[in-house]
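What follows is the residue order along each chain.
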Amino acid sequence: MNVANQSYPENRSENASDHSLVPPCQDACPLHMDIREYVGLVSQGRIMEALQVIRTGNPFPSICAYVCTHPCEDACRRSQVDKPIAIRSLKRFAVEFGGDRMVRAEAETKHAEKVAIVGSGPAGLACAYYLKKLGYAVTVLEAHSELGGMLRVGIPQYRLPREVLNIEVQRLIRMGVEIRTDTRVVSLDLLFELGYKAIFITIGAHQSLRMGIEGEESPGVIDGATFLREVNLGLKPSLGKRVAVVGGGNVAIDAARTATRLGIKKVSILYRRSRAEMPADPKEVEQALEEGIDIIYLVTPTIIKRENKRLNVTCVRMELGEPDESGRQRPVPIKDSVFIEKFDTLIAAIGQAPQTPSDFGVRIGRGSTIQVDPSTLTTNRVGVFAGGDAVTGPATVTEALAAGRLAALRIDDYLQHRYPLPVKETKEKLGGDLLPKTIEMIKKIERVEPPNLAFEARAKDFETVELVYGWEQAINEARRCLRCGVGVEILFQDKCATCLTCLRVCPYHVPYLDVSGTIRIPADQCQACGICVAECPAKAIVLRKPFDRRQVTDELGHTIKSAAESKNKPLIIGFCCQYGLYGTGTLARLWRGAKAGVSIVPVLCVAKVEATHLLSAFKTGAEGVFVAGCGEQCARENTTYWVKQRVAKVRKVLGSIGLEPERLQVFALSSTAEDPAEELDKFVEQIGSLRLASVIKGEVKS
Amino acid sequence: MIVAEQKPLEEIRRMIAPYQRVLILGCGTCMTVCDAGGELEVSFLHNALQLAQARSGDVAHTFYEHTLKRQCDPEFLGLLDEKTADVDVILSLGCGIGVQAVAERLPDMPVLPGVNTSFMGMTKESGVWDERCAACGDCRLEDTAGICPITRCTKGILNGPCAGPKKGKCEANKDMDCAWILIYQRLERLQQLDKMRRYYPPRNYRPIPRPRRITSKAGTMAGEGNG
Ligand SMILES: Cc1cc2nc3c(=O)[nH]c(=O)nc-3n(C[C@H](O)[C@H](O)[C@H](O)COP(=O)(O)OP(=O)(O)OC[C@H]3O[C@@H](n4cnc5c(N)ncnc54)[C@H](O)[C@@H]3O)c2cc1C
Ligand code: SF4
Ligand code: SF4
Ligand code: SF4
């Protein structure tokens, strides 16, 4: 049995009755993180648990929280409704408020085999982390004086505070990972001779591409990666007064913004296409413009001449022609559009490629990348694995982390002489776009952006620009998640009486009759509100996740059990929505038992409270029962309406057995009200006096 | 579809009072569709009865629940056998047919009706049903443009309208459309108003012996009795 692999999400044994589908955000994440789950936990204010989910899927979540390029957000289905969920910002909130820096990672060495990791970028560090957890002795060899690869020498500090990186590095050292800095590996044979049984090459892509123009070698011309490395390692390159940065990617933007922070007033970016084609993150471009950086589009330098310690840069204007193989329009020079600009420094940031020492003896392919088998990361040399930018060319931190994790698992397989298990995707993916009729019914809720450092304060130093959410902001943002793929299904098609109730009650018009007259609930449209589950007269519909299916019943069970243990019958049972108010802590006082005799059953939206749950609450002997939802603030449609229907039905039963119907109430608590709990207080009082009255009449014992 | 309504809780409690172990038996067809006795209603009633019992402190009943796909077919009832060994009474949430079918299958078991079987009808909107057919056994909808005067006219007259309708509503219930006005309008639309001008003799119910039996099997011998 492959014990080691069990702790990794990709191989987690799946509960057979879990019919949830993989949402597009998770599918787009190179680490395959359970985004829906942790966003859901944040929306309930359960930050520590959210952090736990995050840590299971990501070795260095706090780093990703700052710099991940968030492909998940690009795939997020909420963007079909309004704007995607701010997933990265929510992760940042969870790691900061959940106390990620306090988390202790522990590991013990249980295998005799030693593994060497060449390069300490995110791929190398992730591999070290997982191999150490698997029980191997690991040595990381790094050419520079400090660990982190591009996280240290590439990405500027205002986007990734070095303290965050240092915490992760310290954690690795505490786990027992051996570190060798200032050690450039030139040959792998020596490492094998030193007794390492496997080697993981993660040397990144640090060789800047050349522009291929006259005068490129002149003093005053520097490449982007080198410039950023020098600044990041504490050097202060002298740049003069006027700086040009050539390129349109993130490295170009980082170089320009870094130059601004070194005090350069006039920084211009020369980009040969237009803004629409710029590969840089639009948010970063926005921030660069705010900081006073000038971006000149459709221009490219053709000749550099150094005169009087300045650079005369001949430029030519471009226009967009036919699309090239990348699908973007190819820029072509406009005739007679040549002009000359003077700069003190020109930073060329047009891309990097890996540079692998030839003595490594590994096969090199397109774009100087190391060739590997993508599912095992093995190279042509036995025992030598490779991953990260060195294999893919310049990519992203998360892709490097995923490569590091995969390498750890495959190296483990290799050292334990196991046939590598193919990565099994047991769950179906959720595909398909939301239909217009579904979108129309989904409440539009504005995306909450985290605050930014005021831009006057920015350009002076390397302070972090993006700040973290406040508690309430984060919860409101997280509530926007559509919870793709955890909706409902007709689990018992043979029970379905085709009564059409689901089709009639669904606020989003999801269920439909197919041509054969069978009712269908398409997973890609269902909004997981749960209304139809409680209304289906045949009980044929269930939520796709076993946890969601049992949630209310289980929580009610716990409440009843703990009441029984304390020998105190609960006076009042309240089914309270966990989104919103409880999440923000506004009603937390009810939890603390400040109201003696009030037991809270936490529910994930009141629409999931069924009539029988209400009856069960009364069966425990409760004198009063209430349902408290978020009313207008609910992210779903009609939830209060349906819970009121069920309450009316149960009230009829109460009346017919001689109980006052007022003992059952629905509250729509709004966080905008002055005292949202006022109504609740009144109810508690009222039930208290009803009980007193029955004690006097001798109906119940006090 | 057959439409019914669950009996009031008080009545059900009175009926089951003499029995200790009660099986609440739902029906997965019509009673499910009309919200009277499907699995959801079975479990709701189960909980309501338990609550009533807990609050009143009367006789302690033990309740069981089960829902069959249909109570009106003997094969489905066969699935009941093992469920009934330890019960004293069956409270059927099937229609009147279901109750009788269960009783027929289990000669020694008391069977109680949990719903009032009301009519044959159709859905007006979610949770609302209207009567449409009286099962007269001699359908005349051809002459009345697909609108049944026997069910939908308060007086059930065959040569309507009477002298009473006001603004298209029935004189006995001003919220209800006059069936005969509806018939007139529809015949007019279909250009069959001549059907209005005919006289329909009173119907003779006598030749219909009850209970009726229908067989779809070809070759059944004439004269076979009902037994
Ligand atoms: C300026 C800049 C900004 C970026 N911004 C982002 C961003 O915001 N988000 C994002 O996701 N990605 C970003 N990236 C990309 C990201 O940093 C890389 O994709 C990622 O770091 C690749 O990780 P890696 O482990 O493969 O290699 P690297 O991080 O490049 O690490 C390789 C390490 O190997 C060492 N090394 C090389 N050769 C040897 C040798 N022979 N012996 C010993 N050590 C050696 C190097 O010194 C280096 O430390 C950015 C990149 C740059 C340059
Ligand atoms: S709405 Fe939520 S579950 Fe759906 S893709 Fe976006 S983050 Fe993922
Ligand atoms: S509500 Fe239930 S029984 Fe009715 S059609 Fe939908 S799934 Fe079938
Ligand atoms: S769970 Fe809600 S959104 Fe999904 S089908 Fe049922 S009623 Fe519609």
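Residues numbered from 1 in each chain as written. Chains lettered and ligands numbered in written order. Predicted model: local features only at pLDDT ≥ 70, side-chain atom pairs only at ≥ 80, totals over all residues. Heavy atoms only, no water.

1. Digging into the overall build of chain B
Cut-off, in case you're wondering: Runs of E in the DSSP output that reach at least two residues are strands. Runs of H or I that reach at least four are helices, and both are numbered from the N terminus. It is over C-alpha atoms that the radius of gyration is taken, and the globule rule equals 2.2 Å times the number of residues to the power 0.38. Three labels apply to residues, based on accessible area from a 1.4 Å probe with only protein chains included: buried if under 20% of the type maximum, exposed if over 50%, partly exposed otherwise in between. Any two residues whose heavy atoms approach within 4.5 Å are treated as being in contact.
Secondary structure assignment for chain B yields seven helices and seven strands. Ordering the α and β elements of chain B from the N terminus gives β-α-β-α-α-β-α-β-α-β-β-β-α-α. A compact globule built from 227 residues would reach a C-alpha radius of gyration of about 17 Å, whereas chain B, at 22 Å, exceeds it by more than 25%. Once the C-alpha set of chain B is aligned to its principal axes, its extents read approximately 65 × 50 × 25 Å. Every one of the 227 residues in chain B was classed for burial, and the buried ones make up 37%. In chain B, 58% of the contacts between residues at least 6 apart in sequence involve partners at least 24 apart.

2. Quick word on empty space enclosed by the protein
Residues and elements named next belong to chain A. Note the cut-off: Two kinds of site are reported from a 1 Å grid over the protein atoms alone, namely cavities, where a 1.4 Å probe fits but cannot get out, and pockets, open sets with protein on both sides within 12 Å along at least five of seven lines, and residues are called lining when an atom falls within 4 Å of a point. Grid points are joined across faces, edges and corners, and a volume is the space filled by probe spheres set on the points. We call Asp, Glu, Lys and Arg charged. Ala, Val, Leu, Ile, Met, Phe, Trp, Tyr, Cys and Pro are nonpolar, and the rest, Gly among them, are polar.
Scanning the model with the defined rule gives ten cavities of 30 Å³ or more in all. One number sums up the size of the largest cavity: a volume of about 300 Å³. Every residue lining the largest cavity is counted, 22 residues in all, and those nearest its centre are Arg-483, Tyr-579, Cys-605, Lys-608 and Arg-636. Among the elements of the structure, helix H2 (35-43) and helix H21 (546-565) are those that each provide at least two residues to the lining of the largest cavity. Tallied by class, residues from the lining of the largest cavity come to 13 nonpolar, four polar and five charged. Roughly 170 Å³ of volume is contained in the second largest cavity. As for the second largest cavity, its lining consists of 15 residues, of which Tyr-66, Arg-88, Arg-159, Glu-284 and Glu-466 are closest to the centre. For the lining of the second largest cavity, the secondary structure elements donating two or more residues are helix H4 (61-67), helix H6 (87-97) and helix H13 (282-290). A total of three residues in the lining of the second largest cavity trace back to one element, the largest contributor, which is H13. Here the lining of the second largest cavity is built from residues that sort into four nonpolar, three polar and eight charged.

3. Description of helix H25 (residues 639-656) of chain A
Residues and elements named next belong to chain A. Applicable threshold: Take the number of residues in a helix, subtract one, and multiply by 1.5 Å to get its expected span.
For H25, which comprises 18 residues, the first-to-last C-alpha distance of 27 Å matches the rise-based estimate of 26 Å (1.5 Å per residue) to within 8%. All of the buried residues along H25 are Thr-639, Thr-640, Trp-642, Val-643, Arg-646, Val-647, Val-650, Val-653, Leu-654 and Ser-656. Once H25 ends, the next one or two residues include Gly-658, with phi positive near 85°.

4. Considerations on the sheet that holds strand S7 (residues 242-246) of chain A
Residue and element names in this part refer to chain A. To keep it simple, the criterion reads: Should DSSP find at least two bridges between two strands, the strands are regarded as paired. Note on method: axes are straight lines fitted to C-alpha atoms, helices fitted across the in-contact stretch only, with angles between N-to-C directions ranging 0 to 180 degrees.
The strand order across the open sheet built from five strands is S6-S14-S7-S8-S9, with neighbouring strands paired in parallel fashion. Only two strands of the sheet have a single neighbouring strand rather than two, namely strand S6 (221-223) and strand S9 (294-297). The average undirected angle you get between the axes of adjacent strands in this sheet is 25°. Of the pairings in the sheet, the one linking S7 to strand S8 (residues 266-271) comprises five bridges and is parallel in character. Among the inter-strand pairings, Val-246 is bridged to a residue of S8, identified as Leu-270. The strands touched by helix H12 (residues 250-261) are S7, S8 and strand S14 (345-348); relative to S8, the strand with the most contacts, the crossing angle is about 170°.

5. Some thoughts on the domain arrangement of chain B
For the record, the criterion: Per the annotation, domain bounds derive from an automatic or database assignment of domains.
Split by domain assignment, chain B resolves into domain 1 (2-119) and domain 2 (134-197). On a C-alpha basis, the centroid separation for the pair domain 1 of chain B and domain 2 of chain B is 38 Å.

6. Description of the interface of chain B and chain A
Selection rule: In short, buried area is how much 1.4 Å probe accessible area vanishes from two parts on joining, totalled over both. The salt bridge definition used is simple: a Lys or Arg side-chain nitrogen within 4 Å of an Asp or Glu carboxyl oxygen. What qualifies as a polar contact is a pair of N or O atoms within 3.5 Å, subject to a donor-acceptor requirement within protein and to the restriction that residues adjacent in sequence count only when both atoms come from side chains.
Contacts between the two partners involve 23 residues from chain B, matched on the other side by 28 residues from chain A. When the area that chain B buries against chain A is broken down by residue, the three leading residues are Leu-40, Phe-44 and Arg-55 of chain B, summing to 31%. Summed over the shared surface of chain B and chain A, the number is two salt bridges. Note that Glu-41 of chain B is salt-bridged to Lys-649 of chain A, the shortest N-O span being 2.7 Å. Counting every contact that joins chain B to chain A gives nine residue pairs in polar contact (both at pLDDT 80 or more). Contributing elements (two or more residues each) for the side of chain B that touches chain A: helix H1 (9-16), helix H2 (30-33) and helix H3 (39-56) of chain B. When residues in the side of chain B that touches chain A are grouped by element, the largest group, eleven residues, is from H3 of chain B. Of the residues that constitute the side of chain B that touches chain A, the class distribution is seven nonpolar, nine polar and seven charged.

7. Some points on the packing of aromatic side chains
Condition: For Phe, Tyr and Trp, where Trp contributes only its six-membered ring, two rings pair if their centres lie within 6.5 Å, and the inter-plane angle classes them as stacked under 30 degrees, edge-to-face over 60, or tilted in between. In this analysis the charged atom, NZ for Lys or CZ for Arg, is taken to sit over a ring once it is within 6 Å of the ring centre and within 35 degrees of the ring normal.
Evaluated as defined, the whole model comprises ten aromatic pairs over all chains. A centroid spacing of 5.0 Å and a plane angle of 90° characterise the contact between Tyr-129 of chain A and Tyr-130 of chain A, whose relative ring orientation is edge-to-face. Among the aromatic residues, those joined into a cluster by ring pairs are Phe-60, Tyr-129 and Tyr-130 of chain A. Lying over the aromatic face of Tyr-158 of chain A, Arg-261 of chain A brings its terminal NZ or CZ to 3.7 Å of the ring centre. Taking the ring centre of Phe-44 of chain B as reference, the NZ or CZ of Lys-649 of chain A above it sits at 4.4 Å.

8. Digging into the site of ligand 1
Residue and element names in this part refer to chain A. Rule in force here: Residues are labelled near a given molecule or strand when at least one of their non-hydrogen atoms is within 4 Å of it. Note on areas: these come from Shrake-Rupley sampling with a 1.4 Å probe, and a residue is covered only by the protein chains present in the view.
Every one of the 34 residues lining ligand 1 counts as a neighbour, but Val-67, Glu-142, Arg-159, His-206 and Val-397 are closest to it. Take Ala-123: an N or O atom from its main chain is 3.0 Å from an oxygen atom of ligand 1. A distance of 3.1 Å separates an oxygen atom of ligand 1 from a polar atom in the backbone of Ala-395. Relative to its free-state accessible area of 1,000 Å², ligand 1 is covered by the protein chains to the extent of 96%. Those elements giving two or more residues to the shell around ligand 1 turn out to be helix H7 (122-133), H12 and helix H15 (397-415). Each residue belonging to the shell around ligand 1 can be placed in one class, and the counts come to 15 nonpolar, 14 polar and five charged.

9. Thoughts on the pattern of salt bridges
As enumerated under the stated definition, the model contains 47 salt bridges over all chains in all. One connected set of salt bridges, linked through shared partners, spans Arg-159, Asp-254, Arg-257, Arg-261, Glu-284 and Glu-291 of chain A.

10. Quick notes on the nonpolar core
The line we're drawing: Residue types Ala, Val, Leu, Ile, Met, Phe, Trp, Tyr and Cys, when buried and joined through side-chain atoms within 4.5 Å, form a set referred to as a nonpolar core.
Among the nonpolar cores identified, the biggest contains 91 residues, and Ile-541, Phe-575 and Leu-614 of chain A together with Met-31, Leu-49 and Leu-91 of chain B are the most heavily contacted of them. For this core, the element with the most residues is H3 of chain B, which contributes seven residues. Ranked by size, the runner-up nonpolar core spans 68 residues in total, among them Ala-50, Leu-134, Val-397 and Leu-401 of chain A.

11. A short note on the side chain of Arg-88 of chain A
Residue and element names in this part refer to chain A. As for its placement among the helices and strands, Arg-88 is situated in helix H6. For Arg-88, a relative accessible area of 9% puts it in the buried group. The residues touching Arg-88, leaving out its near neighbours within four places in the chain, are Cys-64, Ala-65, Tyr-66, Val-67, Cys-68, His-70, Glu-73 and Glu-466.

12. Overview of the site of ligand 4
Around ligand 4 sit Val-488, Cys-506, Pro-507, Tyr-508, Val-510, Ile-521, Cys-526, Gln-527, Ala-528, Cys-529, Gly-530 and Cys-532 of chain A, and those are all the residues in its vicinity. A per-class count over the shell around ligand 4 returns ten nonpolar, two polar and no charged.

13. Some remarks on the packing of helix H3 (residues 47-57) of chain A against H6 of chain A
All names here are of chain A. Selection criterion: Should an angle fall under 35 degrees it is called roughly parallel, over 145 degrees roughly antiparallel, and 65 to 115 degrees roughly perpendicular, with every other angle called oblique. The crossing is said to be left-handed when, going from far helix to near helix, the turn is anticlockwise and less than a right angle, and right-handed when the turn is clockwise.
Direction vectors running N to C along H3 and H6 enclose 110°, while the axes themselves pass 8 Å from each other. Relative to H6, the element H3 is oriented roughly perpendicular. Once H3 is placed against H6, the crossing between them reads as left-handed. Side by side, H3 and H6 meet where Ile-47, Ala-50, Leu-51 and Ile-54 of the first sit next to Lys-91, Phe-93, Ala-94, Val-95 and Phe-97 of the second. Of the residues assigned to the contact of H3 with H6, the class counts are eight nonpolar, no polar and one charged.

14. Quick word on the confidence of the model for chain B
As a reminder of what qualifies: A score from 0 to 100, pLDDT tells how confident the predictor is in each residue.
Summing up the model confidence of chain B, the mean pLDDT is 91 and the portion of residues at 70 or higher is 94%. Interface confidence for the predicted complex, given as ipTM, is 0.90, next to a pTM of 0.89.

15. Some thoughts on the environment of Ala-607 of chain A
Residues and elements named next belong to chain A. By the element assignment, Ala-607 lies in the loop between strand S22 (598-603) and helix H24 (611-619). For the pair Ala-607 and Leu-239, spaced 368 residues apart in sequence, the C-alpha to C-alpha distance is 63 Å. Setting aside chain neighbours within four positions, we find Ala-607 in contact with Cys-529, Gly-530, Ile-531, Ala-534, Thr-639 and Arg-646.

16. What to know about the pairing of S9 of chain A
Judged from the four bridges that link them, S8 of chain A and S9 of chain A form a sheet pairing that is parallel. Residue Ser-268 of chain A lies in a different strand from S9 of chain A, and its bridge partner there is Asp-294 of chain A.

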